[in-house]
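Now for the letters of each chain:
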Amino acid sequence: MARPLLSAIFISGGITALRDAEGHAQVAKPLVDKAVAPNADALPDAVPTDPVNLVRIDGAVKIAAGSMLALGKFPRLSSILLLGSLTSTTAAAHRFWEHQGEERQQHMVHFIKNAGLAGGLLLAAADTEGKPSVGWRAKRTARDVGKQVQGTTGAVQKRAAKATGKANKTLESALPR
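Conventions adopted
- Residues numbered from 1 in each chain as written.
- Predicted model: local features only at pLDDT ≥ 70, side-chain atom pairs only at ≥ 80, totals over all residues.
- Heavy atoms only, no water.
- Helix = DSSP H or I, 4+ residues; strand = E, 2+ residues; numbered from the N terminus.
- Buried < 20%, exposed > 50% of the residue type's maximum accessible area, 1.4 Å probe, protein only.
- Axes fitted to C-alpha atoms, helices over the stretch in contact; angles between N-to-C directions.
- Parallel < 35°, antiparallel > 145°, perpendicular 65-115°, else oblique.
- Left-handed = near helix turned anticlockwise from the far one by under 90°.
- Contact = heavy atoms within 4.5 Å.
- Nonpolar A, V, L, I, M, F, W, Y, C, P; charged D, E, K, R; others polar.
- Expected span 1.5 Å × (residues − 1).
- Phe/Tyr/Trp six-rings, centres within 6.5 Å; stacked < 30°, edge-to-face > 60°.
- Bend = angle between axes of the 7 residues up to and from the residue.
- Salt bridge = Lys/Arg side-chain N within 4 Å of Asp/Glu carboxyl O.
- Polar contact = N/O pair within 3.5 Å; in protein donor to acceptor, adjacent residues only side chain to side chain.

Draft legend 1. Just unusual backbone geometry, in detail. Here the phi dihedral of Phe-74 falls at roughly 50°; this positive angle occurs in a residue that is not glycine. Relative to the helices and strands, Phe-74 is located in the loop between helix H3 (51-71) and helix H4 (75-93). Accessibility expressed as a relative area gives 60% for Phe-74, which makes it exposed.

Shown next, in the form of structure tokens:
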């Protein structure tokens, strides 16, 4: 139930961004000009650098990843994609420190709301649905391998000691007294 509720705002925002890409691009343009424009020459030609196309891509990511999260398909990947989208959207649209009065307050509310959404996405990204995490599995495997190596080392030492004992007996019996 939590994932569909969390993803609803992203799906809705993605649809809105696609319907009004030009309007959203005007809001994103100052950030795009600061972050992308200085590095545009270093990017491949296939990578879009204009705000309208970037807004469309962001909207598509929100719809696709939001839908996947809501349906429980690749929830960890979906959460990470949405977190990236949310971060850029927040940086572009809710720069409360650049405003004064009531407008500043409204942007701050949206900024803090998005920070809360980011927290929810981080939880969703870390959620293993009751399955052991990769870190836990790696530690357990390392421990099991360590035990197996110790067991093998002990067995090899015993066999080596036994072989040494046999070799000594054979040598003693072969040598004249």
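Draft legend 2. Structural view of the packing of helix H1 (residues 2-19) against helix H5 (residues 101-126). For the pair H1 and H5, the least separation of the axes is 11 Å and the interaxial angle reads 130°. Relative to H5, H1 is oriented oblique. The element H1 and its partner H5 pack so that their crossing is left-handed. Residues Leu-6, Ile-9 and Phe-10 of H1 form the contact with H5, whose own contacting residues are Lys-113, Leu-117, Gly-120 and Leu-121. Looking at the contact of H1 with H5 residue by residue, the classes come out as 5 nonpolar, 1 polar and 1 charged.

Draft legend 3. Region of the structure containing H3. Along its 21 residues, H3 runs 30 Å from first to last C-alpha, staying within 8% of the 30 Å computed at 1.5 Å per residue. In this structure, the buried residues of H3 make contact with H1, helix H2 (21-35), H4 and H5. Within two residues after H3, Gly-72 carries a phi angle of roughly 75°, on the positive side.

Draft legend 4. Spatial organisation of the environment of Ile-112. Mapped onto the elements of the fold, Ile-112 is located in helix H5. Spatially, the C-alpha atom of Ile-112 lies 9.4 Å from that of His-94, the residues being 18 residues apart in sequence.

Draft legend 5. Structural context of the packing of aromatic side chains. A full pass over the atoms with the stated rule returns 3 aromatic pairs. Geometrically, the ring pair formed by Phe-96 and Phe-111 is edge-to-face, given 5.2 Å between the ring centres and 70° between the ring planes. Here Phe-96 is found in the loop between H4 and H5, whereas its partner Phe-111 is found in helix H5, with 15 residues between them in sequence. An angle of 85° between the planes, with centres 6.1 Å apart, marks the rings of Trp-97 and Phe-111 as edge-to-face. Highlighted residues: Trp-97 in the loop between H4 and H5 and Phe-111 in helix H5, separated in sequence by 14 residues. According to the relative accessible area criterion, Phe-111 is partly exposed, its value standing at 29%.

Draft legend 6. Just H2, in detail. Where H2 bends most, at Ala-28, the angle is about 50°, and the proline Pro-30 comes one to four residues later. Buried residues along H2 sit against H1, H3 and H4.

Draft legend 7. Spotlight on the pattern of salt bridges. All chains considered together, the criterion is met by 6 salt bridges. A salt bridge links Arg-3 to Asp-127; the nearest nitrogen and oxygen atoms lie 2.9 Å apart. On the criterion of sequence distance, the pair formed by Arg-3 in helix H1 and Asp-127 in the loop between H5 and helix H6 (134-174) is long-range, its members being 124 residues apart. Here Lys-62 ties to Asp-58 by a salt bridge, and the two come within 3.2 Å at their closest N and O atoms. Taken together, the residues Lys-62 and Asp-58, both in helix H3 and 4 residues apart, mark about one turn of the helix. Take Lys-62 and Asp-58: they sit in the same class, and that class is buried.

Draft legend 8. How the structure looks around the side chain of Ser-78. Along the polypeptide, Ser-78 turns up in helix H4. Taking the relative accessible area as the measure of exposure, Ser-78 reaches 0% and is therefore buried. In this structure the side chain of Ser-78 is engaged in a polar contact, spanning 3.3 Å, whose partner is the backbone oxygen of Lys-73.

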